[in-house]
Amino acid sequence: MQEITKITPTAFEIMDEIKTSWSPRVFDDVPLSISEVKQLLEAGRWASSSYNQQPWRIIYGIKGDKVYDQILDCLIPFNQDWAKNAQALLVTAYKKTNFDGDPYFHAPHDLGLFMGNVVIQANHNGIAAHHMGGIDQEKAHKTFEFTDDFEVATAVALGHYGGNPDRLPEELQEQEVDPKRERMAIDEFAFNGNFKSK
């Protein structure tokens, strides 16, 4: 297992499961079992949602099965090149309408809470999660027979940390091993008063 250390310069002390989580594009060859993936989904299952409507829907595939190949085929070519290293792939979606049939504006937020739980549980288990917007939503919607009241959101690659960066295309290897991590400062996005455009 190759250790890649990332430096997370936090302004306040936070949980290790958050501090050490990052999104590799190469993973260890150790397989993920269905039960390991379902444990992550169990963590997501207990996320908060507006009026407990739980609008999230997840398609999961384990490397070697048909669903994995179908998900991989729905990714844009750039993501296909590296996501084939993952031991499991997910497609995330959410319900666009609420219990009353009205637009459910909070659904993407609720899906985000679901995936936040998944990521924290995954990192606790030594599993990395790399989220991807680069998925053909229309193709995934059709492939997995979602009904019209659901919207495909993202794809996620899962696998154990420790993959060999040499397996990545050359242009991605430097980014993979770069130890520096950056985020906006709190004062740039949180205001004790009126919003300030940055």
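Above this text you will find the structure in question.
About the criteria used
Residues numbered from 1 in each chain as written. Predicted model: local features only at pLDDT ≥ 70, side-chain atom pairs only at ≥ 80, totals over all residues. Heavy atoms only, no water. Helix = DSSP H or I, 4+ residues; strand = E, 2+ residues; numbered from the N terminus. Rg over C-alpha atoms; globule rule 2.2 N^0.38 Å. Buried < 20%, exposed > 50% of the residue type's maximum accessible area, 1.4 Å probe, protein only. Contact = heavy atoms within 4.5 Å. Areas by Shrake-Rupley, 256 points an atom, 1.4 Å probe, with all protein chains shown as cover. Salt bridge = Lys/Arg side-chain N within 4 Å of Asp/Glu carboxyl O. Arc of directions from axis to C-beta. Polar contact = N/O pair within 3.5 Å; in protein donor to acceptor, adjacent residues only side chain to side chain. Pairing = 2+ DSSP bridges. Axes fitted to C-alpha atoms, helices over the stretch in contact; angles between N-to-C directions. Phe/Tyr/Trp six-rings, centres within 6.5 Å; stacked < 30°, edge-to-face > 60°. Lys NZ or Arg CZ within 6 Å of the ring centre and 35° of its normal.

(A) Spatial organisation of the overall build of the protein. The helix and strand inventory of the protein stands at eight helices and four strands. The helix and strand sequence of the protein, counted from the amino end, reads α-α-β-α-α-β-α-β-α-β-α-α. The C-alpha radius of gyration of the protein comes to 18 Å, within 12% of the 16 Å expected for a compact globule of 198 residues. Out of the 198 residues belonging to the protein, those deemed buried represent 41%. Sequence separation of at least 24 residues holds for 76% of the intrachain contacts in the protein that already meet a minimum separation of 6. When the accessible surface of the protein is totalled, it reaches about 11,700 Å², and 52% of it is carbon and sulfur.

(B) Main features of the pattern of salt bridges. One pass over the structure, following the stated rule, counts five salt bridges. Measuring nitrogen to oxygen at the nearest pair gives 3.0 Å for the salt bridge that ties Arg-45 to Glu-42. Here Glu-42 and Arg-45 lie together in helix α2 (residues 34-45), a separation of three residues that amounts to about one turn. Classification of Arg-45 by relative accessible area gives partly exposed; the value is 42%. Using a relative accessible area of 35% as the deciding quantity, one classes Glu-42 as partly exposed. Residue Lys-96 is joined to Glu-151 by a salt bridge in which the shortest nitrogen-to-oxygen separation is 3.8 Å. Here the residue Lys-96 occupies a position in the loop between β2 (88-95) and α5 (107-124), and Glu-151 occupies one in strand β4 (residues 150-160), the gap between them amounting to 55 residues.

(C) Representation of helix α3 (residues 66-74). Looking only at α3, the buried set comprises Tyr-68, Ile-71, Leu-72 and Cys-74. The buried residues of α3 occupy one face: seen down the axis, they fall within an arc of 160 degrees. Where α3 is buried, its residues touch β1 (56-62), α4 (77-83), β2 and α6 (137-143). The backbone nitrogen of Val-67 lies 3.2 Å from a side-chain oxygen of the residue at the head of α3, namely Asp-65.

(D) Main features of the sheet that holds strand β3 (residues 127-132). Within the open sheet, the four strands sit side by side as β1-β2-β4-β3. Their pairing is antiparallel. Only two strands of the sheet have a single partner each, and these edge strands are β1 and β3. Across the sheet, the mean angle separating the axes of adjacent strands is 25 degrees when strand polarity is ignored. Most of the contacts of α3 go to β1, to which it runs at about 110 degrees, and overall it touches β1 and β2. Seen against the sheet, α5 touches β1, β2, β3 and β4 and runs at an angle of roughly 155 degrees to β2.

(E) View of unusual backbone geometry. Unusually for a residue other than glycine, Tyr-51 sits at a positive phi of about 55 degrees. If you trace the backbone, Tyr-51 turns up in the loop between α2 and β1. If you check the backbone angles, Glu-145 has positive phi at about 55 degrees while not being a glycine. Counting through the fold element by element, Glu-145 comes out in the loop between α6 and β4. Given a relative accessible area of 69%, Glu-145 falls into the exposed group.

(F) Quick look at the packing of aromatic side chains. Under the defined criterion, the tally for this structure stands at four aromatic pairs. Centre to centre, the rings of Trp-22 and Tyr-161 are 6.0 Å apart; their planes meet at 35 degrees, and the pair counts as tilted. Taken as a pair, Trp-22 in the loop between α1 (16-19) and α2 and Tyr-161 in the loop between β4 and α7 (170-177) lie far apart in primary sequence, 139 residues in all. Using a relative accessible area of 12% as the deciding quantity, one classes Trp-22 as buried. For the pair Phe-191 and Phe-195, a centre-to-centre distance of 5.7 Å together with 85 degrees between the ring planes defines the contact as edge-to-face. Assessed through its relative accessible area of 24%, Phe-191 is described here as partly exposed. The ring of Trp-22 carries the charged tip of Lys-6 above its face, separated from the ring centre by 4.5 Å.

These figures capture arrangement, not role.
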